[in-house]
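# Residue-level structural notes
Chain by chain, the residues run as shown.
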Amino acid sequence: MLYRKIEHTNLSPSVIGLGCEWLDGKTEKEVREIFDFAIANGINYLDLFMPQPELRTNIGKALKGRREKIIIQGHLCTVFEDGQYNVTRDINKTKEAFEDLLSRLNTDYIDIGMLHFVDSEQSYREVFETEIFDYVKELKAKGTIKYVGLSSHNPIIALKAVQSGLIDVLMFSINPAFDFEDTETDVYDLIEFKGFAEKLSADSARFELYTECENRGVGITVMKAFAGGRLLSDKDSPFGKALTSVQCIEYALSRSGVKCVIAGCKDINEIKEAVSYCEASEEDKNYSQIFTENPRFAMSGKCMYCNHCKPCASNIDIAAVTKYLDLALMQDEVPKSVAKHYSELEFDANDCLQCGQCEKRCPFGVHVMENMLRAQRVFN
């Protein structure tokens, strides 16, 4: 398993996390077996927004004796009403549901208290300008939650939260299709791929969000990396071709700021498929063909961090160098965090031989050699 540190915290989540939505309705034994397998394979990150009492109880039992091995991303503002999950902004219901979460998980703290489903200006005000956030600050002061998070599908609202300095972690929906849909597309339309314009280009608001998270040290945990499974189907994918789960995970992890991809797995086989990412070859991870084989998604001249340019004669991680260069050029001065990440690369732009082999392999026509020279000037 691979791990990535979240700068605002002392947490280093596994790059594959476990989402619990599909565990609802499973027996205590089934939940335990799934957790046994996930933990044995290095997964240490758990997202739990589901408020169903039986599910929470089963997870609590599965975690007994190994709570310290798991980073729990637990959501506030979710309740179980009339036999189903619901979102609330009522302070009393929020408190009751969160206390129930602690009780059923048999723990006295949650690593990341995640403000749930903040997708509009109204919902932003309802959590940050009311008793809800006062309660969150109270929980953090007591150590009941260690860090504050927010889940959103709207890049404008998410960016506002990141820039406020009030959150440490952002849970956001990222996949190759969503990054091309219109900024204001509702989450339910996003899932159905209804947010595409006639002439497609990557949504700048989303890339600004990812960059801001990287520069500010706010970690992104990814939801909907497979778009509810639609990207894994030839029939349903907007690219006209199915991606593999490994390709979807690689795409998400190659975005700036991303630390963990939450995989909603309903059984051990699906967990096994997700963690196979860590052993996958560069060829298996490569997702560039979905863009190059579909002219509607043309990305000429822009690095997609796909590493199709490898292998490099000097062993440079070209995608990483280019990503840090892109992050640096978006600011007046090179952010310290970006400079630090760049300095930690084993091989960097100074090692470039200017042989040009990478440019011959790049499916997007990126001027890699020029970027290496630019990186030398910027970071030296």
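Residues numbered from 1 in each chain as written. Predicted model: local features only at pLDDT ≥ 70, side-chain atom pairs only at ≥ 80, totals over all residues. Heavy atoms only, no water.

### With respect to the layout of surface pockets
There is about 1000 Å³ of room inside the largest pocket. Around the largest pocket, the lining is made up of 35 residues, and of these Glu21, Trp22, Lys224, Gly228 and Gly264 lie nearest the centre. Only α7 (187–191), β10 (258–264) and α10 (268–275) provide two or more residues apiece to the lining of the largest pocket. For the lining of the largest pocket, the class distribution of residues is 19 nonpolar, nine polar and seven charged. Along the wall of the second largest pocket there are 31 residues; nearest its centre are Arg4, Leu253, Asp317, Lys323 and Tyr324. Of all the secondary structure elements, the ones that give two or more residues to the lining of the second largest pocket are α9 (245–253), β10, α11 (282–285), α13 (318–329) and α14 (336–343). Broken down by element, the lining of the second largest pocket gets its largest block of residues, four residues, from α13. (1 Å grid on protein atoms, 1.4 Å probe; cavity = no way out; pocket = protein on both sides within 12 Å on 5 of 7 lines; lining within 4 Å. Points joined across faces, edges and corners; volume = space filled by probe spheres on them. Helix = DSSP H or I, 4+ residues; strand = E, 2+ residues; numbered from the N terminus. Nonpolar A, V, L, I, M, F, W, Y, C, P; charged D, E, K, R; others polar.)

### Notes on the pattern of salt bridges
Tallying each qualifying case throughout the model produces 19 salt bridges. Across the pair Glu126 and Arg89 runs a salt bridge whose closest N-O atoms are separated by 3.7 Å. Residue Glu126 is located in helix α4 (residues 121–128), and its partner Arg89 is located in the loop between β5 (84–87) and α3 (91–105); the two are separated by 37 residues in the primary sequence. Accessibility expressed as a relative area gives 26% for Glu126, which makes it partly exposed. What emerges from the salt-bridge pattern is a single network uniting Arg56, Asp100 and Arg104. (Salt bridge = Lys/Arg side-chain N within 4 Å of Asp/Glu carboxyl O. Buried < 20%, exposed > 50% of the residue type's maximum accessible area, 1.4 Å probe, protein only.)

### Quick look at unusual backbone geometry
Here the amide bond leading from Lys310 into Pro311 is cis, since omega sits at 5 degrees, within 30 degrees of zero. Backbone geometry places Ala227, a non-glycine residue, at a positive phi of 50 degrees. For Ala227, the position within the fold is in the loop between β9 (219–223) and α9. Exposure remark for Ala227: the relative accessible area of 0% places this residue in the buried category.

### A short note on empty space enclosed by the protein
Inspection of every chain in the model, using the stated rule, returns one cavity of 30 Å³ or more. Every residue lining the largest cavity is counted, 16 residues in all, and those nearest its centre are Cys303, Cys306, Cys309, Cys362 and Val366. Looking at the lining of the largest cavity, the elements with two or more residues in it are α13 and α16 (368–379). No other element matches the three residues that α13 contributes to the lining of the largest cavity. Among the residues forming the lining of the largest cavity, the class breakdown is twelve nonpolar, four polar and no charged.

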